[in-house]
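Read off the chains here:
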Amino acid sequence: RVIYQARCAVCHGVNLEGQPNWQSPAEDGTYPAPPHDQTGHTWHHGDAMLQDYIRRGGQAVLDDMGVAFTSGMPGFGDALTDDDIEAVLDYIRSTWPDDIRDVQAERTRLESVEP
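Described below are features of the structure shown in this document. Position numbers for residues count from 1 along each chain, tracking the sequence in the order it is written. Per-residue local features of the predicted model are confined to residues with pLDDT of at least 70, and side-chain atom pairs are confined, for both listing and counting, to 80 or more; whole-chain, interface and lining totals are unaffected and use all residues. Calculated side-chain values reflect all of the structure's heavy atoms, with hydrogen atoms and water omitted.

**A closer look at a nonpolar patch on the surface**
In this scheme, patches are assembled from residues that exceed 30% relative accessible area and form no salt bridge. Like charges are connected within 9 Å, while nonpolar side chains (Val, Leu, Ile, Met, Phe, Trp, Tyr) are connected within 5 Å. In this description, accessible areas are obtained by the Shrake-Rupley approach with a 1.4 Å probe, and a residue is regarded as covered only by the protein chains that are shown. By definition, a salt bridge exists where a carboxyl oxygen of Asp or Glu is found within 4 Å of a side-chain nitrogen of Lys or Arg. Side chains of Tyr31, Met65, Val67 and Phe69 sit close together on the surface and give an oily, nonpolar patch of about 330 Å² of accessible area. Within the element layout of this structure, Val67 appears in the loop between helix H4 (58-65) and helix H5 (82-94). Per the convention used, a helix needs a DSSP run of H or I reaching at least four residues, while a strand needs a run of E reaching at least two, with both numbered from the N terminus.

**Examining helix H3 (residues 47-56)**
Where H3 is concerned, the buried positions are Asp47, Met49, Leu50, Asp52, Tyr53 and Ile54. Where H3 is buried, its residues touch H4, H5 and helix H6 (98-113). Gly57 sits one or two residues past H3 and shows a positive phi near 95°. Each residue's exposure class comes from its accessible area (1.4 Å probe, protein chains only) as a fraction of the maximum for that residue type: buried when under 20%, exposed when over 50%, partly exposed otherwise. Two residues qualify as a contact provided that any one of their heavy atoms is within 4.5 Å of a heavy atom in the partner residue.

**Quick look at the pattern of salt bridges**
If you walk through the whole model with that rule in mind, you get eight salt bridges. In this structure, Arg93 engages Glu86 in a salt bridge whose closest nitrogen and oxygen atoms are separated by 2.6 Å. According to the relative accessible area criterion, Arg93 is buried, its value standing at 13%. In this structure, Arg93 engages Asp90 in a salt bridge whose closest nitrogen and oxygen atoms are separated by 2.4 Å. On the criterion of helical spacing, the pair formed by Arg93 and Asp90 is a turn pair, its members being three residues apart in helix H5. On the basis of relative accessibility, which here comes to 39%, the residue Asp90 falls in the partly exposed class. Bridged by salt links that share partners, the residues Asp47, Glu86, Asp90 and Arg93 form one connected network.

**Overview of the environment of Gly72**
Secondary-structure assignment places Gly72 in the loop between H4 and H5. On the basis of relative accessible area, Gly72 is assigned to the exposed category, the value being 55%. Residues Gly72 and Trp43, spaced 29 residues apart in sequence, show a C-alpha to C-alpha distance of 19 Å.

**Digging into the packing of H3 against H5**
Here an axis means a line fitted to C-alpha atoms, over the contact stretch when the element is a helix, while the angle between two N-to-C directions is reported on a 0 to 180 degree scale. Relative to each other, H3 and H5 sit at 120°, their axes nearing to 10 Å. When the axis of H3 is compared with that of H5, the two are oblique. Of the two possible hands of crossing, H3 and H5 adopt the one that is right-handed. Between H3 and H5, the contacting residues are Asp47, Leu50, Gln51, Ile54 and Arg55 on the first element and Asp82, Ile85, Glu86, Leu89 and Arg93 on the second. Looking at the contact of H3 with H5 residue by residue, the classes come out as four nonpolar, one polar and five charged. The cut-offs work like this: below 35 degrees is roughly parallel, past 145 is roughly antiparallel, 65 to 115 is roughly perpendicular, and the gaps in between are oblique. The sense of a crossing depends on the near helix, which, turned anticlockwise from the far helix by less than a right angle, makes the crossing left-handed and, turned clockwise, makes it right-handed. In the scheme used here, Gly and all other residues not listed as nonpolar or charged are polar, with Ala, Val, Leu, Ile, Met, Phe, Trp, Tyr, Cys and Pro taken as nonpolar and Asp, Glu, Lys and Arg as charged.

**A look at the packing of H3 against H4**
It is the contact of H3 with H4, at a shortest axis distance of 6 Å, that shows an interaxial angle of 125°. By the angle between their directions, the pair H3 and H4 is classed as oblique. Contacts between H3 and H4 involve Met49, Asp52, Tyr53 and Arg56 from the former and Gly58, Ala60, Val61, Leu62, Asp64 and Met65 from the latter. Taken together, the residues that form the contact of H3 with H4 break down as six nonpolar, one polar and three charged.

Structure (structure tokens):
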């Protein structure tokens, strides 16, 4: 929670609520920071993707995936260790209801067996 509050809350909200109108693009084509609570889409992704997104930033990951989307998410790989990133994800996951944690855990499991 401490790392999240120091590094993530400024954009994603103290209560993981995201920025207003997070599903509508700004004039520059980027989207406001989404919520990390159960109303957002963080839980739709497995851990490896989320770790990479935090480490390298959204645009680098999306470009590598061939996704045509403009991300405003900066990379934190120079500021956060892998343990820090995992701690942030642990905190975020700890706020989700059990059913959502289960879905995200299954996505993580499937991500690890994909070729």
